[in-house]
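So you can see what is in the structure, the chains are spelled out below.
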Amino acid sequence: MKALSVALLLALLASVHRIPLTDYCFFSRSRLCVLWELQRRFLLFTGESDLLSVPPDPQVQGRETERSFENQKEKNVSKQEALNESQLLTMQDTFSSQGEDLARRKKNEERGHQLYKMSNKILKHSKSKKDKEEAYQLLTKAADMGHLKAMEKLAAALLFGYHGPQNITAAVTLYETLAEKGSHRGQTALGFMFSYGIGMEYNQAKALVYYTFGSLGGNLISQMILGYRYWVGINVPRNCEAALTNYRKVAFFIADKLEKNEEMPVEKVRLMEKSENLSSNNDFLDWDVHQFYKFLAERGDTQIQKAFYYFLKAAKAGNTHGMAFLGKMFLEGSVAVTQSNASAFKYFTMAAEKGNAVGLWGLGLLYYQGKGVPVNYTEAFKYFHIAAEKGLADAQFQLGVMYYSGSGVRKDYKLAFKYFYLASQNGQPIAVYYLAQMYAAGTGVFRSCQNAVELYRNVCELGSWSEKFLTAYFAYQDGNIDSSLIQYALLAEMGYEVAQSNSAYILESEQVKILSNDQMYPLALLLWNRAAAQGNAFARVKTGDYHFYGYGTKRDYVTAAIHYSLAVDHHIAQAMFNLAYMYEHGLGIPKDIHLAKRWYDLAAQTSPDASIPVFLARMKLEVKRLFSEIQLFKQTTIPAGKKSHATSWKTVCIIAYLTSYKHTFIWRHPSVQKTPFQRFIGL
């Protein structure tokens, strides 16, 4: 303990002098240091060196700790600097790589956009097959570069078979890629293919999901499809308000296009009627001559120049229609005619002075819009009113607009409704839109969701997609059955009744290659049924036939009789004949010969074409009755064992029966497949 006390005392002295203990003893050589050295050696000799432990010098320990901390700090700083430098280099490399990728992507986008514009230009102005093939090659290159619109257009070309062979598999791949990128067109197309099982499984639930996403993305076709589905209740509960919401969005867009004369209604040919009224010179049958030529002009057709030449020649000869149409052409302008309000006013005035309704309407429009003349609602109303009394739909519509908005007259919704209704009855499509708006909001009339939806639907069906009726028909005429079916099927999905009938007609022709045989008749039945629900009586008969023969469904005579009974309400002779046949044989309904005769007679009265089949059917009934009477007579009057002429009569009756049955069967149902009985009797 004494040695420890000496050591502690020395340590205290060293701390006072602020030097280490060893240094203090080295310099001072004091008695304490000598004593400590002697004690140290003695303890080392005795083996008790642990008593020499001296508490560490706080000052030295602090400096050593500080030096150690500074060294560790320097090491940490150097490590952090190295790490920061490494991260900086990595980030620079990343940014450099990202910058290069961004520049490369931007360059590809610009190149893709140029190729897309070039392909569109060729497709718009060229008519040769070679040029169109070149255009689609450019489109393919643009799509490979990731250009979204090019991918959408190429996928549509592959799906519908535009300007080349169809490739459903490639179309599905492209549309799936587009859908993943958020393309509403891709989502709509996938919904369509799921709804028919084209290129993928038949799945109405998935179709509804894709249509919903497409609608949310602003796709008008998806919105129209959803409107139709909610309207009739296809895989969703019937909901008039939901249908109204969807149809109104589409109708607003179409009405705006119609006001700018950017939409063109087309003729809808029914394939089963084999109409011959559609030719290259008369493609659009429901629009006036001026609109037809304007439609051609917007597509670069030179016939607009011919139209202008003939209208000018007619105007110089004093023809008021020529004057009026020249006024319209100058008012709107085109590639062939420079827009001129002064020239329009001149020709409208010339036509109006001779009482031409279009000329009067044109003057009213100039005063109403202030084109070439000051705005004057009083003059506009005067000219519109005179033209409206002559039955011009456009003038009636303009009067409706003036009363609806209160322009120059007192606002009067009832009069507005009156003139909109008159204009709609005369074929003015924008008037139909205004009527739908009034029914939807209850303006000037009791609110009616049903009326509003029906009117909105009429407007929606005037959209540019209706041009597919032409391309589908031409594809059918050229033998491109699959291409025609795809186009009609899309229109059918949108609710066009004519397209539903045409699609079903193509499906039951058994010429379709893109669908399996198991799919065709169920889909055809589905489409016939949808067309029948929209009032197509022929489709109602076909639906009855499918249930009668068991095409695409189980044979069901009761359901067949119901459909024939519904078709009878539309005065369809074939439905009457079929119903009579079922009463005659007791198929699905109680057997009743008297009702059978009555329906046979009504069929003959309804259609002259039914006269011969009805005659044969009646003859068959009479032969059967005569045969039964002969059998009865034989049993009651001829003694047993004696011969008679009954055997020969029986032979004659059987021959007459089979002959008449053969002819009635031919007329009763021109079926798409032959029944065993038809084959047996040689049909």
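Think of each chain on its own: its residues are numbered from 1, step by step along the sequence as written. At least 70 in pLDDT is required for a residue's local features to be given in this predicted model, at least 80 for side-chain atom pairs to be given and counted, and no such filter applies to totals for whole chains, interfaces and linings, which use all residues. Excluded from the side-chain calculation are hydrogens and water; included are all heavy atoms of the structure.

## Looking at the overall build of the protein
Link 1 in the chain: Runs of E in the DSSP output that reach at least two residues are strands. Runs of H or I that reach at least four are helices, and both are numbered from the N terminus. Within the protein, the regular secondary structure consists of 32 helices and zero strands.
Link 2 in the chain: Counting across all 683 residues of the protein, residues that qualify as buried make up 45%.
Link 3 in the chain: For the protein, the accessible surface area stands at approximately 36,400 Å², while carbon and sulfur atoms represent 55% of it. For each residue, the accessible area found with a 1.4 Å probe, counting protein chains only, is set against the maximum for its type, and the residue is called buried under 20%, exposed over 50%, and partly exposed in between. Where accessible areas are quoted, they stem from the Shrake-Rupley method and a 1.4 Å probe; at the residue level, only the protein chains shown are allowed to cover.

## Considerations on the environment of Lys 153
Link 1 in the chain: Here Lys 153 shows up in helix H6 (residues 148–160).
Link 2 in the chain: With a relative accessible area of 29%, Lys 153 lands in the partly exposed category.
Link 3 in the chain: The spatial distance from the C-alpha of Lys 153 to the C-alpha of Tyr 136 is 9.4 Å, given a sequence separation of 17 residues.
Link 4 in the chain: Once you skip the residues sitting within four places of it in the chain, Lys 153 turns out to touch Tyr 116, Asn 120, Leu 123 and Leu 139. Residues count as neighbours in contact if any of their non-hydrogen atoms are within 4.5 Å of one another.

## Regarding helix H15 (residues 341–353)
Link 1 in the chain: Look at H15: 18 Å from first C-alpha to last across 13 residues, which is about the 18 Å you get at 1.5 Å a residue.
Link 2 in the chain: Among the residues of H15, those classed as buried are Ala 344, Tyr 347, Phe 348, Thr 349, Ala 351 and Ala 352. Expected span of a helix, by definition, is 1.5 Å for each gap between consecutive residues, and there is one gap fewer than residues.

## Brief notes about the packing of helix H26 (residues 537–549) against helix H28 (residues 573–585)
Link 1 in the chain: Packing of H26 against H28 brings their axes to within 10 Å, and their N-to-C directions diverge by 30°. Classed by the angle they form, the pair H26 and H28 counts as roughly parallel. Considering only the axes of H26 and H28, their crossing is left-handed. Listed contacts from H28 to Val 541, Asp 545 and Phe 548 of H26 are Gln 574, Ala 575, Asn 578, Tyr 581 and Met 582. Orientation is described by axes fitted as lines to C-alpha atoms, over the contacting stretch for helices, and by angles from 0 to 180 degrees between their N-to-C directions. What sets the label is the angle itself: under 35 degrees gives roughly parallel, over 145 gives roughly antiparallel, 65 to 115 gives roughly perpendicular, and the rest give oblique. Note on convention: the crossing is left-handed when the near helix lies turned anticlockwise from the far helix by less than a right angle, right-handed when the turn is clockwise.

## So, unusual backbone geometry
Link 1 in the chain: Positive phi, normally seen in glycine, also occurs at Asn 235, with a value near 60°.
Link 2 in the chain: Within the secondary structure, Asn 235 sits in the loop between helix H10 (220–232) and helix H11 (240–259).
Link 3 in the chain: For Asn 235, a relative accessible area of 48% corresponds to the partly exposed category.
Link 4 in the chain: The backbone of His 571 sits at a positive phi, close to 60°, despite the residue not being glycine.
Link 5 in the chain: Mapped onto the secondary structure, His 571 falls in the loop between helix H27 (557–568) and H28.
Link 6 in the chain: Owing to a relative accessible area of 60%, His 571 belongs among the exposed residues under this scheme.

## A short note on the nonpolar core
Link 1 in the chain: In this text, buried Ala, Val, Leu, Ile, Met, Phe, Trp, Tyr and Cys residues form a nonpolar core when linked through side-chain atoms within 4.5 Å. Among the nonpolar cores identified, the biggest contains 175 residues, and Tyr 175 and Phe 192 are the most heavily contacted of them.
Link 2 in the chain: The greatest single-element share of this core, amounting to 10 residues, is contributed by helix H20 (residues 429–441).
Link 3 in the chain: Those residues within four positions of Phe 192 in sequence are excluded, and the remaining contacts are Leu 159, Ile 198, Tyr 211, Ile 486, Ala 489 and Leu 490.

## What to know about helix H25 (residues 517–533)
Each α-helix winds once per 3.6 residues, and so residues spaced three or four apart point in a common direction.
Link 1 in the chain: With 17 residues, H25 extends 25 Å from end C-alpha to end C-alpha; this agrees with the ideal 24 Å at 1.5 Å per step.
Link 2 in the chain: The inward-facing, buried residues of H25 abut helix H8 (184–196), H10, helix H23 (481–493), helix H24 (497–507) and H26.
Link 3 in the chain: Immediately beyond the C-terminal end of H25, within one or two residues, lies Gly 535, with a positive phi of roughly 100°.

## Notes on the packing of aromatic side chains
Link 1 in the chain: Centres within 6.5 Å are what make two rings of Phe, Tyr or Trp a pair, Trp counting through its six-membered ring; a difference in plane orientation under 30 degrees is then read as stacked, over 60 as edge-to-face, and the rest as tilted. Tallied over the full model, the rule gives 32 aromatic pairs.
Link 2 in the chain: Here the aromatic cluster, defined as three or more aromatic residues joined through ring pairs, consists of Phe 397, Tyr 404, Tyr 413, Phe 420, Tyr 433, Tyr 434 and Tyr 456.
Link 3 in the chain: Note on geometry: a ring has a charge over it if NZ (lysine) or CZ (arginine) is within 6 Å of the ring centre and within 35 degrees of the ring normal. Taking the ring centre of Tyr 419 as reference, the NZ or CZ of Lys 418 above it sits at 5.2 Å.

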